[in-house]
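# Working through the structure, step by step
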Number of protein chains: 2
Amino acid sequence: MNPHNQLLTAYKQTAYPLVGHGKRNLHVLKTVLNEMDGDIESDAYGTGAVIENFQKKLADYLGKESAVFFPSGTVAQQIAMRIWCEQKGLNKVAYHPLCHLEIHEEDGLKKLHQIEPVLLADENRLIRLEDVLTMQENIACLLLELPQREIGGELPEYTELEAISAYCRANGIKLHLDGARLFEILPYYQKSAADLCRLFDSVYVSFYKGIGGIAGAILAGEEDFTKEAKVWKRRHGGDLISLYPYIVSADYYFDQRLHSFQQYFEEAKELASLYNQCHAVETRPLVPVSNMFHVRLPKEQLEPVLLSIYEETGVGLTTHLKKVDERLCSFEVSIGDQYAQVPKTALRKAFHMLDEKIREIVFREGKD
Amino acid sequence: MNPHNQLLTAYKQTAYPLVGHGKRNLHVLKTVLNEMDGDIESDAYGTGAVIENFQKKLADYLGKESAVFFPSGTVAQQIAMRIWCEQKGLNKVAYHPLCHLEIHEEDGLKKLHQIEPVLLADENRLIRLEDVLTMQENIACLLLELPQREIGGELPEYTELEAISAYCRANGIKLHLDGARLFEILPYYQKSAADLCRLFDSVYVSFYKGIGGIAGAILAGEEDFTKEAKVWKRRHGGDLISLYPYIVSADYYFDQRLHSFQQYFEEAKELASLYNQCHAVETRPLVPVSNMFHVRLPKEQLEPVLLSIYEETGVGLTTHLKKVDERLCSFEVSIGDQYAQVPKTALRKAFHMLDEKIREIVFREGKD
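Calculation notes
Residues numbered from 1 in each chain as written. Chains lettered and ligands numbered in written order. Predicted model: local features only at pLDDT ≥ 70, side-chain atom pairs only at ≥ 80, totals over all residues. Heavy atoms only, no water. UniProt positions renumbered as here; feature names shortened; annotations may be inferred. Pairing = 2+ DSSP bridges. Helix = DSSP H or I, 4+ residues; strand = E, 2+ residues; numbered from the N terminus. Domains from an automatic or database assignment. Buried area = accessible area lost by both parts, 1.4 Å probe. Salt bridge = Lys/Arg side-chain N within 4 Å of Asp/Glu carboxyl O. Polar contact = N/O pair within 3.5 Å; in protein donor to acceptor, adjacent residues only side chain to side chain. Nonpolar A, V, L, I, M, F, W, Y, C, P; charged D, E, K, R; others polar.

Here is the UniProt Sequence similarities (unreviewed entry) comment for chain A, exactly as written: "Belongs to the threonine aldolase family." UniProt, in the comment section headed Cofactor (unreviewed entry), describes chain A in these words: "pyridoxal 5'-phosphate".

Listed below in structure tokens is the structure:
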């Protein structure tokens, strides 16, 4: 058996998984539909109350003129880039080297839209104002991902965002927000979504991360922008006859979880501190700025250690391990509804075990 | 009120709508989920039992090596065209002037894939073998839509398809089937899906037409082809974390309706004959070859005539009218579960009224 599968299998059987909202099974959708009237009509190719009302609700929430529901963020963001590039007559955008469009979309942006990305900053840090000010290339759009997921979910300060936004506006560069985890960062900034989105010309948010829906995304901006986005949505094959399974669940869990993000943020800081108290373990960021962080720890014999913790304490830490280098590996933590249900005694026991077992390994290795 | 809306509103209130399976409301999905175990796990970016099993089931049904589930036919077919064009190094495909890619996709094929279409035949007839044999351009792929929906759902004879297929194979042209209504034509050909699909290199089928699911499509072909299609699916933003709402409903209604298409076909012929018995009314084709056909009738004062029929007999004929020219309009009929539930007396009464009222109008106009 593949060792990754072994960890995933064991994690799924734990009584107290620390990460996420729960299993991604059919209950997630059944729960929503059980509370809904079956006579509600489907949306039809982007029209109808079910889609139009939700689009209006999210446009208002994000403080934008208009919003369009998409089956995926991949479609939504490529389209945003395409619109801004066509408007400027320049097929060049800038983003982080670990941007979703760069590493998770099989080069759709290049192969479908012939848009060339300029990579700002490096893989280990955020894009800073300095990177934008010193950029050599002329670009149509700058995409910022908040938080920058692949480096653990880091964030620039709000004042730095303001400065970047002001520079872009002054220089005819559109600013796009990859807000896949927008809800997750508002407690840190202590801002409303509208306050944050005001700095951006276009905004994408996702409904299956912190919100915990089935799938789906919203792209928001001015009316002219979303009108064009709807045409591109059809071109991309994203204008389905019915998107309601995603919309009704996005709406349901949006209402249910929107006020829990402050709690997830506090819990993420608590859990990160537990990790950081373990020998040779460090989180990134050291103090989380959202509901997420990465954990880095010694690679050697880690899998059996985790499996023994899951079995003895019932606490599940992670489903996967990712190799960082010869010495270290890492995994991602994002807090959802499940963390609050974990008994503190089990949690303490699990972290006591983690600390002890890693000490043993490091000590043994040191002697060899 | 928009007169089209008036017809749609009135149709929705009729006791005996003649067309389709029923209302596209949340019941369609609730019915499926009520019968399913909530513990069934979601698919995850194209993996997992729920998607893999359905793909295998449809590959077997279509007689192809492999199949990929897509959120929409628009994504699936553009991708099929792209793969065949890249393989041949030639960005040119041929299809009918009223092909879905040409008239319903906002030029996605051209704007996302830079593929140039060659339009075969004209808007009023099918693509024939002769059109293929005399084609001047070199193309990578020929797309055939069976039945050709926009001209009423016509079909070439099977022997002609065989000849086209043989010519394409001999000349290095890939043959793609737009089988949005594939299930609907098998009773006419008296062939299995696999027998028909054997003539084609790639096949797309839809699950929200005759099958009556929520949305979604399958693209099938050889393993190498579907492997590439999965990469393009991700590029297009169609590789959602969860497609299961569409998959489980496609599977459910596939099983439920697959054996009803012979009945729909017989009923379509019966209903077309009722239309053709009315004065100045004609169906296209005259004798249907699937569950669908178009009805052409005098435009003048037709809307009040239909409204009075709906009101007096409870029979709903159509939700929309489309202008053909100054004299004629048309609408589409596709038979689903609802037709069998219409009492024959109500049906006879409705067609008696239609015939009489159109005679009155035509006679009155003749006198003016």
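The next subject is the sheet that holds strand β9 (residues 282–284) of chain A. Residue and element names in this part refer to chain A. A sheet is described by the order of its strands in space; here 4 strands give the open sequence β9-β10-β13-β12, paired in antiparallel fashion. Only two strands of the sheet have a single neighbouring strand rather than two, namely β9 and β12 (322–323). With 2 bridges joining them, β12 and strand β13 (residues 328–334) adopt antiparallel strand pairing. For Lys 323, the partnering residue across the bridge sits in β13 and is Cys 329.

Next up on the list: the domain arrangement of chain A. All names here are of chain A. Taken as a whole, chain A is organised into domain 1 (3–23 + 260–367) and domain 2 (43–241). Using C-alpha coordinates to define each centre, domain 1 is positioned 31 Å away from domain 2. Carbon and sulfur atoms supply 57% of the area that domain 1 and domain 2 bury against each other, a total of about 1400 Å² over both sides. Of all residues in domain 1, Phe 261, Arg 284 and Val 289 bury the most surface against domain 2, accounting for 42% of the area lost on that side. The partner of Glu 154 in a salt bridge is Arg 284, and the shortest N-O contact between them spans 3.5 Å. Linking domain 1 with domain 2 are 4 residue pairs in polar contact (both at pLDDT 80 or more). Within the residue set of the side of domain 1 that touches domain 2, elements represented by two or more residues are α13 (261–276) and β10 (292–298). Counting residues per element, the side of domain 1 that touches domain 2 draws most heavily on α13, at 4 residues. For the side of domain 1 that touches domain 2, the residue count by class is 7 nonpolar, 5 polar and 3 charged.

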